[in-house]
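One letter stands for each residue in the lines below.
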Amino acid sequence: MTPGDRSPSGEARPGVLETRGGWPYPRWIAHRGAGLLAPENTIAAFRAGAANGFRMFECDARLSADGEVFLLHDDLLERTTDGHGAAVEFDWAALSRLDAGSWHGPGYAGERLPTLAGVIQECEAHGWMLNVEIKPAPGDEERTGRRVGEVLRAQWRSAPPPLLSSFSLPALAAAASAAPGVPRALLCERLVPGWRSCAARLGCVAIVAAQAAWNEETAKVVAEAGFRRLAYTVNTDAEAARLAALGLEGLITDRVDHFPG
Ligand code: G3P
Ligand code: MG
């Protein structure tokens, strides 16, 4: 229990930000909210994923110049908004006015970039679970990890807590310092030498790796080391069956209209 696990009046919120002994998350997780069905990393995407039965959502979180945590996959604004340039160079006031939906289709015109705080509010209102991937701009790793941790610690109230993940070790370490009770996962393309000590040092509970990284040997070694195992991005029946047979605990998919949530 840390100070952030207490309400403003001081009473404890037991277990709110503590990792539970079991694995509380569902096997299927919607990638970027709803995969390809709606504009990624928007509230509309979460709603589309939920409409297809998904209860847990992976999303990509980064920082504005003035320190707001919001969802966006790319460093640059061009692909998924009507803005131009590096997102990290803009204050939230400017980013919040961008259209993050029209690129996907006219039905989503006017959809905004969501703040992580807004996403948390939406998730808690509906009982949805989150996997927050910390996606820092180059050079912004420590600040991004710390701010993501601070927002989760200040805002998230219901159990189970979000699962934090990142390819960036400095970002994950900073998030761990800011929100030690939020469970973390090491995110990697494949298992590289030293993965085990790295995950242990960061207090990780899981390894999230590209689907090709998982085979009988890696699935066994990682489980025996005490970590849960998740794969991204699982979009075919053949891969889903192969990974399920390996016993993986989590499968992140774009195909929210195909796989069960
Ligand atoms: O978190 C898993 C997956 O989202 C990592 O790849 O590029 O889609 O963020 P990317
Ligand atoms: Mg991601």
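Use the structure listed above.
Summary of the structure given here.

1. Considerations on the environment of Ala-206
Here is step 1: Within the secondary structure, Ala-206 sits in strand S7 (residues 206-210).
Here is step 2: For the pair Ala-206 and Phe-227, spaced 21 residues apart in the sequence, the C-alpha separation amounts to 4.6 Å.
Here is step 3: Ala-206 has contacts with Trp-23, Arg-184, Ala-185, Leu-186, Phe-227, Arg-228 and Leu-230, leaving out every residue within four places of it along the chain.

2. A word on the coordination of the magnesium ion (ligand 2)
Here is step 1: Donor atoms from the polypeptide that coordinate the magnesium ion (ligand 2) comprise Glu-58 (OE), Asp-60 (OD) and Glu-133 (OE), at 2.0 to 2.2 Å from the metal.
Here is step 2: Sequence positions of the residues that donate to the magnesium ion (ligand 2) give the spacing E-x1-D-x72-E. Of this pair, Asp-60 sits in strand S2 (residues 56-63) while Glu-133 sits in strand S4 (residues 129-134); the two residues are 73 residues apart in sequence, bridging distant segments of the chain.
Here is step 3: With relative accessibility at 0%, the residue Asp-60 sits in the buried group.
Here is step 4: Residue classification places Glu-133 among the buried residues on the basis of a relative accessible area of 5%.

3. Brief notes about the packing of aromatic side chains
Here is step 1: Summed over all chains, the structure comprises seven aromatic pairs.
Here is step 2: Ring plane angle 65° and centroid distance 5.9 Å describe the contact between Trp-195 and Phe-227, whose orientation is recorded as edge-to-face. With a gap of 32 residues between them, Trp-195 in helix H6 (residues 195-201) and Phe-227 in the loop between helix H7 (216-224) and strand S8 (228-232) connect regions that are remote in the sequence. When sorted by exposure, Trp-195 lands in the same class as Phe-227, which is buried.
Here is step 3: Within the aromatic cluster, the residues linked to one another by ring pairs are Phe-46, Phe-57 and Trp-128.

4. Here we look at helix H4 (residues 141-155)
Here is step 1: Taking 1.5 Å per residue as the helical rise, H4 with its 15 residues ought to reach 21 Å, and the 21 Å between its terminal C-alpha atoms agrees with that figure.
Here is step 2: Within the span of H4, buried status applies to Thr-144, Gly-145, Val-148, Gly-149, Val-151, Leu-152 and Arg-153.
Here is step 3: Looking at the buried positions of H4, the neighbouring elements they touch are S2, strand S3 (69-71), helix H3 (116-126), S4, strand S5 (163-166) and helix H5 (169-178).

5. Details of the pattern of salt bridges
Here is step 1: Inspection of the entire model under this criterion finds 13 salt bridges.
Here is step 2: The residue Arg-32 makes a salt bridge to Glu-40 at a minimum N-O spacing of 3.2 Å. Here Arg-32 matches Glu-40 in class, with each residue buried.
Here is step 3: Between Arg-79 and Asp-74 there is a salt bridge, with its nearest N and O atoms 2.8 Å apart.
Here is step 4: It is possible to trace a salt-bridge network through shared partners that takes in Arg-32, Glu-40, Asp-74 and Arg-79.

Rules used in this analysis
- Residues numbered from 1 in each chain as written.
- Chains lettered and ligands numbered in written order.
- Predicted model: local features only at pLDDT ≥ 70, side-chain atom pairs only at ≥ 80, totals over all residues.
- Heavy atoms only, no water.
- Helix = DSSP H or I, 4+ residues; strand = E, 2+ residues; numbered from the N terminus.
- Contact = heavy atoms within 4.5 Å.
- Donors = N, O, S within 2.8 Å, 3.2 Å for Na, K, Ca; no water.
- Buried < 20%, exposed > 50% of the residue type's maximum accessible area, 1.4 Å probe, protein only.
- Phe/Tyr/Trp six-rings, centres within 6.5 Å; stacked < 30°, edge-to-face > 60°.
- Expected span 1.5 Å × (residues − 1).
- Salt bridge = Lys/Arg side-chain N within 4 Å of Asp/Glu carboxyl O.

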